[in-house]
Amino acid sequence: MSNENKSRAAATVPIEGPGRRFGHIVLPWSRNESGWGSLRIPFAVISSGSQGPTVLLTGGNHGDEFEGPIVLSDLARSLEPSQVRGTVIIVPALNYPAVKAGQRLSPIDGGNMNRAFRGRRDGTITEQIAHFVEEEFVARADAVLDLHAGGRSMAFSPFAASHKLPDAAQTERAKQALLAFGAPIGLVLEELDNEGMLDTAVERRGKLFLSTELGGGGSTSPETLSIARRGVHNFLVHVGVIDGGIAAPPKPTRLMTNDAAGYIACEQAGLIEYLHDLGDAVRRGETIARIFDLDRLDGEPCEVVAPIDGTLLGRLHGGLAAVGDFLALIARDL
Ligand code: CA
């Protein structure tokens with residue numbers, strides 16, 4: 001690595017070598033409250049030190065999505081080096097300032113971690129975290145699992161997701177990992193906007209990437225946590241970094257796909273009434289939600305119509321919709 005590209009952040013423990021280490025990513029963070037202060041983001045490495053894949057597990061990429069931080073904090077303590085063949089790097093709270101604030105974006109710089117890759121060594125705090133993660137973790141990893149949920153503003157029927165990629169073999173590899181993960185739904189996803197995502201940073205290097213949307217509303221449930229726990233275990237088994245069997249989900253994964261036509265954005269602000277629950281089948285042309293103008297009682301509510309046949313997998317969480325808000329994700333069986 002050239003010196004110009006060496007991150008300003010540093011790890012407090014070695015990333016390579018056998019054993020289990022709990023450390024921090026440390027970034028200089030000079031501010032009014034602490035002139036010579038730093039930001040310290042916890043991470044763990046569990047390694048056999050021997051041959052085997054390197055796997056990066058991340059949560060808290062967005063700060064209001066908590067399955068990742070909970071499940072990965074648990075795993076960091078419970079996974080023994082003797083169980084591992086290769087290396088597992090765990091960052092439960094990737095955008096640590098955002099997770100600490102319980103907000104999607106960093107309260108320090110407003111940074112969206114999943115739009116900040118590949119990061120900048122001399123950028124904002126969020127860009128500096130992204131830069132370190134890309135140069136030190138993604139560069140070493142063979143496979144990356146990034147656990148997301150809907151956060152405060154969205155709710156999803158829990159799914160794991162791989163991407164439609166230009167490379168057919170890479171797409172297929174991710175699809176196999178998606179099936180191994182064992183979420184109720186496995187979505188082969190077309191992103192709305194993939195620029196700056198950790199996903200893209202990993203896939204650009206030809207590596208295996210998998211993510212999830214495990215519910216939402218800014219909290220967790222026993223169900224979404226159980227999906228995350230099983231999925232993380234299965235992902236580690238699938239990529240060969242731990243031994244053991246794939247833990248079968250209660251029902252086989254329903255494989256689905258979407259494209260740009262399956263996203264609905266809000267065109268009129270107001271009170272939103274959903275006429276369907278997540279997981280419901282919807283028909284093209286069917287009204288799936290109504291939006292009431294808060295400022296007048298005459299006139300009919302605006303109808304939100306399904307553009308395609310499919311299943312409602314995602315929706316706005318909350319009762320008020322603003323113009324441009326994400327309203328619905330509709331996917332179909334693959
Ligand atoms: Ca997210």
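In what follows, the accompanying structure is described.

Protein-derived coordination of the calcium ion comes from His62 (ND1), Glu65 (OE), Glu65 (OE) and His148 (ND1), at a distance range of 2.3 to 2.6 Å. In the primary sequence, the donor residues of the calcium ion line up as H-x2-E-x82-H. Taken together, the residues span a long stretch of sequence, with glutamate 65 in the loop between strand S4 (54–58) and helix H1 (67–78) and histidine 148 in the loop between strand S6 (143–146) and strand S7 (154–156) at a distance of 83 residues. Per residue, the accessibility class of glutamate 65 equals that of histidine 148, and both read buried.

Read from one edge to the other, the open sheet built from four strands follows the order S16-S15-S13-S18, with strand pairing classed as antiparallel. Single-partner strands in this sheet number two, and they are strand S16 (302–305) and strand S18 (320–321). In the sheet, strand S13 (residues 270–274) pairs with strand S15 (residues 287–292) via four bridges, with the strands oriented antiparallel. The residue of S15 that forms the bridge with isoleucine 272 is isoleucine 291.

Counting 37 residues, the largest nonpolar core has Leu57, Ile90, Val232, Phe235 and Leu236 as the members making the most contacts within it. Elements with a minimum of two residues in this core: strand S3 (38–47), S4, H1, strand S5 (87–91), S6, helix H4 (168–181), strand S10 (208–213) and helix H6 (222–238). In contact with leucine 57, other than residues within four places in its own chain, are Leu72, Leu75, Val88, Ile89, Ile90, Val91, Leu145, Val232, Phe235 and Leu236. Counting residues in each nonpolar core, the second largest holds 29 residues, with Ile25, Val91, Phe117 and Phe209 among its members.

Residue placement: glycine 215 occurs in the loop between S10 and H6. You can call glycine 215 buried: its relative accessible area is 9%. Separated by 193 residues in the primary sequence, glycine 215 and phenylalanine 22 place their C-alpha atoms 29 Å from one another.

Here H1 spans 16 Å end to end across 12 residues, near enough to the 16 Å set by a 1.5 Å rise per residue. Of all the residues in H1, the buried ones are Glu67, Gly68, Pro69, Val71, Leu72, Leu75 and Ala76. Elements that come into contact with the buried residues of H1 comprise strand S2 (19–28), S3, S4, S5 and H6.

To continue, consider the environment of proline 28. Of note, proline 28 is situated in strand S2. Residue classification places proline 28 among the partly exposed residues on the basis of a relative accessible area of 39%. Along the backbone, proline 28 and alanine 321 are 293 residues apart, and their C-alpha atoms lie at a distance of 39 Å.

With that settled, the discussion passes to H6. For H6, with 17 residues, the first-to-last C-alpha span of 24 Å sits near the 24 Å given by 1.5 Å per residue. Those residues of H6 that sit buried are Thr224, Leu225, Ile227, Ala228, Arg230, Gly231, Val232, Asn234, Phe235, Leu236 and Val237. On its buried face, H6 sits against S4, H1, S5, S6, H4 and S10. Once H6 finishes, glycine 240 follows within two positions and takes phi at roughly 85 degrees, a positive value.

All right, on to the packing of H1 against H6 then. In contact at an axis separation of 10 Å, H1 and H6 are set at 55 degrees when each is read in the N-to-C sense. Judged on the interaxial angle alone, H6 and H1 are oblique. As H1 packs across H6, the resulting crossing turns out to be right-handed. Residues Glu67, Ile70, Val71, Leu72, Asp74 and Leu75 of H1 lie in contact with H6, whose contacting residues are Thr224, Leu225, Ala228, Arg229, Val232 and Leu236. Looking at the contact of H1 with H6 residue by residue, the class counts come to eight nonpolar, one polar and three charged.

Attention now goes to the pattern of salt bridges. All chains considered together, the criterion is met by 18 salt bridges. Where aspartate 74 meets arginine 77, a salt bridge forms, and the shortest distance between an N and an O atom there is 2.7 Å. Of this pair, aspartate 74 and arginine 77 both sit in helix H1, three residues apart, which is roughly one turn of that helix. Aspartate 74 gets classed as partly exposed once you look at its relative accessible area, which sits at 29%. Residues lysine 175 and glutamate 172 are paired through a salt bridge, measuring 3.8 Å at the closest nitrogen-oxygen approach. Here glutamate 172 and lysine 175 lie together in helix H4, a separation of three residues that amounts to about one turn.

The next point concerns the layout of surface pockets. Volume-wise, the largest pocket comes out at about 560 Å³. Arg104, Arg115, Met154, Glu191 and Glu213 are the residues nearest the centre of the largest pocket, which is lined by 26 residues in total. At the level of elements, S7, strand S8 (159–163), S10 and strand S19 (326–333) are the ones that each hand at least two residues to the lining of the largest pocket. By residue number, the principal contributor to the lining of the largest pocket is S10, which donates three residues. The residue makeup of the lining of the largest pocket, split by class, is 12 nonpolar, six polar and eight charged. In this structure, the second largest pocket occupies an estimated 220 Å³ of space. Lining the second largest pocket are His163, Lys164, Leu165, Pro166, Gln170, Leu189, Glu190, Glu191, Asn194, Thr200, Glu203 and Arg204. The element best represented in the lining of the second largest pocket is helix H5 (residues 198–204), accounting for three residues.

Quick notes on the rules
- Residues numbered from 1 in each chain as written.
- Predicted model: local features only at pLDDT ≥ 70, side-chain atom pairs only at ≥ 80, totals over all residues.
- Heavy atoms only, no water.
- Donors = N, O, S within 2.8 Å, 3.2 Å for Na, K, Ca; no water.
- Helix = DSSP H or I, 4+ residues; strand = E, 2+ residues; numbered from the N terminus.
- Buried < 20%, exposed > 50% of the residue type's maximum accessible area, 1.4 Å probe, protein only.
- Pairing = 2+ DSSP bridges.
- Core = buried A, V, L, I, M, F, W, Y, C linked by side-chain atoms within 4.5 Å.
- Contact = heavy atoms within 4.5 Å.
- Expected span 1.5 Å × (residues − 1).
- Axes fitted to C-alpha atoms, helices over the stretch in contact; angles between N-to-C directions.
- Parallel < 35°, antiparallel > 145°, perpendicular 65-115°, else oblique.
- Left-handed = near helix turned anticlockwise from the far one by under 90°.
- Nonpolar A, V, L, I, M, F, W, Y, C, P; charged D, E, K, R; others polar.
- Salt bridge = Lys/Arg side-chain N within 4 Å of Asp/Glu carboxyl O.
- 1 Å grid on protein atoms, 1.4 Å probe; cavity = no way out; pocket = protein on both sides within 12 Å on 5 of 7 lines; lining within 4 Å.
- Points joined across faces, edges and corners; volume = space filled by probe spheres on them.

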